[in-house]
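Residue-level structural notes
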Amino acid sequence: MSDGLPPEVEQLIGERAAARAERDFAAADALRERIRAMGWEVIDLPDGSTARPSLPPAASGTDYARPEDLESLLDEPPTVAASVQLLAEQHGKDLERFLRGLAAHPPGVDWELVVVANSPTFGISHLLAGVSLPVEPTILASAERLGWADARNLGLRRSRGDVTVLVDTSVEPVGDFVTPLLAAFDDAKVGIAGAWGVVSATGRTFEEAPPGEVDAIEGYCLAVRREVLRQAGVFDHHFRFYRNADLDFSFQARAAGWRAVAVPGLPLRRHEHRGYAALAPAERDRLSKRNFYRFLKHWGDRRDLLLHPER
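Attention here is on the structure that accompanies the text. It should be emphasised that the depicted structure is a prediction, and the values quoted were computed from it without experimental measurement.

All right, on to the overall build of the protein chain then. On a plain count of helices and strands, the protein chain comes out with eleven helices and 15 strands. In terms of overall dimensions, the protein chain is globule-like: its C-alpha atoms have a radius of gyration of 19 Å, near the 19 Å expected for 311 residues. Each of the 311 residues in the protein chain was classed as buried or not, and the buried ones make up 52%. Within the protein chain, residue pairs in contact and separated by at least 24 positions form 79% of the contacts whose partners lie at least 6 positions apart.

Here it is as structure tokens:
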């Protein structure tokens with residue numbers, strides 16, 4: 001699986017595979033870090049492991065958030081069943097609509113609410129104070145507007161849930177959607193799940209899929225197992241615009257051996273997506289194509305990851 005890799009990287013991948021086989025996960029994690037320090041990112045596949053060159057670090061510094069908000073909790077054991085993560089940027093009414101739905105239909109499991117205040121255009125504390133939530137939200141404030149992936153990653157690193165549920169504020173809960181969504185993870189092979197999924201026959205066009213196993217989960221409601229984040233990593237920070245970041249992340253998880261499942265009948269209502277509607281069509285298409293080309297650069301030759309590669 002590691003053809004074309006530098007010999008020293010290939011050797012460390014072999015040592016890590018042996019450590020994993022012996023269930024010495026501490027040694028395996030240490031070897032992963034050694035490989036990462038050499039400029040390579042380990043990718044675990046069902047039939048072995050390989051590596052790809054590490055993505056460059058984020059262009060921005062680390063002064064956009066408090067040091068304590070930047071420290072990752074992902075290596076710590078989960079303390080709640082689910083983390084629900086939201087972005088607060090613009091369109092406060094949309095966020096308020098989601099929160100009121102969540103307050104009226106809270107999850108039937110232990111959960112937390114993580115709100116990434118991505119330099120919002122409205123008063124986040126005032127908005128939250130106006131909604132009677134059953135849990136005290138964790139607010140992660142950014143002093144400057146981050147790209148979509150960086151903002152989501154800020155929340156992912158601070159999540160305490162066994163599963164983290166990323167939801168767009170264009171979605172409105174009309175019932176407890178978290179509990180049935182978590183049921184998908186009763187299958188130990190499921191790494192990501194959500195309300196809506198897509199499949200592809202070519203790897204270059206995707207279409208809406210029926211419930212069940214899919215190629216990718218759409219980011220309007222995307223739940224990810226904590227172990228996936230530890231193993232496969234978070235979003236590629238190059239995705240400053242949201243479109244197709246969900247495809248890339250889904251393939252990242254599936255390349256590490258996890259399944260993606262669309263869950264039927266979740267009590268969610270979709271409204272206009274502001275991030276889509278607010279842009280001029282030409283600019284929206286430009287940003288979307290740029291992200292899709294990035295996805296293709298990562299996964300365009302991985303037809304083995306398609307559910308229907310023979311079509």
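There's more to say after this.
Counting 39 residues, the largest nonpolar core has Leu 99, Leu 113 and Phe 177 as its most contacted members. Every element with two or more residues in this core is listed here: strand 3 (80–88), helix 4 (92–104), strand 4 (111–118), helix 5 (124–129), strand 6 (161–167), helix 7 (178–183), strand 8 (190–194) and strand 13 (221–225). Discounting residues that sit within four places of it in the chain, Phe 177 has contacts with Phe 98, Leu 102, Val 165, Val 167, Cys 221, Leu 266, Pro 267 and Leu 268. If you look at the next biggest cluster of nonpolar residues, it comprises 35 residues, including Leu 74, Val 116, Leu 156 and Tyr 242.

Applying the stated criterion across every chain yields a total of 14 salt bridges. Residue Arg 230 is joined to Asp 29 by a salt bridge in which the shortest nitrogen-to-oxygen separation is 3.3 Å. With Arg 230 in helix 8 (residues 226–232) and Asp 29 in helix 2 (residues 25–37), this residue pair connects regions lying 201 residues apart in the sequence. Under the relative-accessibility criterion, Arg 230 is labelled partly exposed at 40%. We note a salt bridge from Glu 272 to Arg 274, for which the minimum N-O separation is 3.5 Å. Note on Glu 272: relative accessible area 48%, which makes it partly exposed. Put simply, Asp 94, Arg 97, Glu 272 and Arg 274 are held in one network by salt bridges that share partners.

Before going further, it helps to examine the side chain of Asp 94. In this structure, Asp 94 sits in helix 4. Among the residues examined, Asp 94 registers a relative accessible area of 3% and is labelled buried.

In this section: the packing of helix 9 (residues 245–255) against helix 11 (residues 281–299). The N-to-C vectors of helix 9 and helix 11 enclose an angle of 15°; their axes lie 9 Å apart at closest approach. As judged from the angle between their axes, helix 9 and helix 11 are roughly parallel. Judged by the twist between their axes, the crossing of helix 9 over helix 11 is left-handed. Listed contacts from helix 11 to Leu 247, Asp 248, Phe 251, Gln 252 and Ala 255 of helix 9 are Phe 292, Phe 295, His 298 and Trp 299. The residue makeup of the contact of helix 9 with helix 11, split by class, is six nonpolar, two polar and one charged.

Note: strand 4 against strand 5 (residues 138–142), five bridges, orientation parallel. Bridge pairing links Ala 117 to Ala 141 in strand 5. As a crossover connection, the stretch from strand 4 through helix 5 into strand 5 is right-handed.

In terms of burial, strand 13 is a largely internal element, five of the five residues being buried. Burial along strand 13 is two-sided: the face carrying Cys 221, Ala 223 and Arg 225 and the face carrying Leu 222 and Val 224 are both buried. Sheet topology note: the strand 6/strand 13 ladder contains five bridges and is antiparallel. Its bridge partner being in strand 13, Thr 164 is matched across the sheet by Val 224. Here strand 8 runs beside strand 13; their pairing, made up of three bridges, is antiparallel. Counted as the bridge partner of Ala 193 is Ala 223 from strand 13.

Scoring rules and cut-offs
- Residues numbered from 1 in each chain as written.
- Predicted model: local features only at pLDDT ≥ 70, side-chain atom pairs only at ≥ 80, totals over all residues.
- Heavy atoms only, no water.
- Helix = DSSP H or I, 4+ residues; strand = E, 2+ residues; numbered from the N terminus.
- Rg over C-alpha atoms; globule rule 2.2 N^0.38 Å.
- Buried < 20%, exposed > 50% of the residue type's maximum accessible area, 1.4 Å probe, protein only.
- Contact = heavy atoms within 4.5 Å.
- Core = buried A, V, L, I, M, F, W, Y, C linked by side-chain atoms within 4.5 Å.
- Salt bridge = Lys/Arg side-chain N within 4 Å of Asp/Glu carboxyl O.
- Axes fitted to C-alpha atoms, helices over the stretch in contact; angles between N-to-C directions.
- Parallel < 35°, antiparallel > 145°, perpendicular 65-115°, else oblique.
- Left-handed = near helix turned anticlockwise from the far one by under 90°.
- Nonpolar A, V, L, I, M, F, W, Y, C, P; charged D, E, K, R; others polar.
- Pairing = 2+ DSSP bridges.
- Right-handed = clockwise from strand over helix to strand, strands pointing away.

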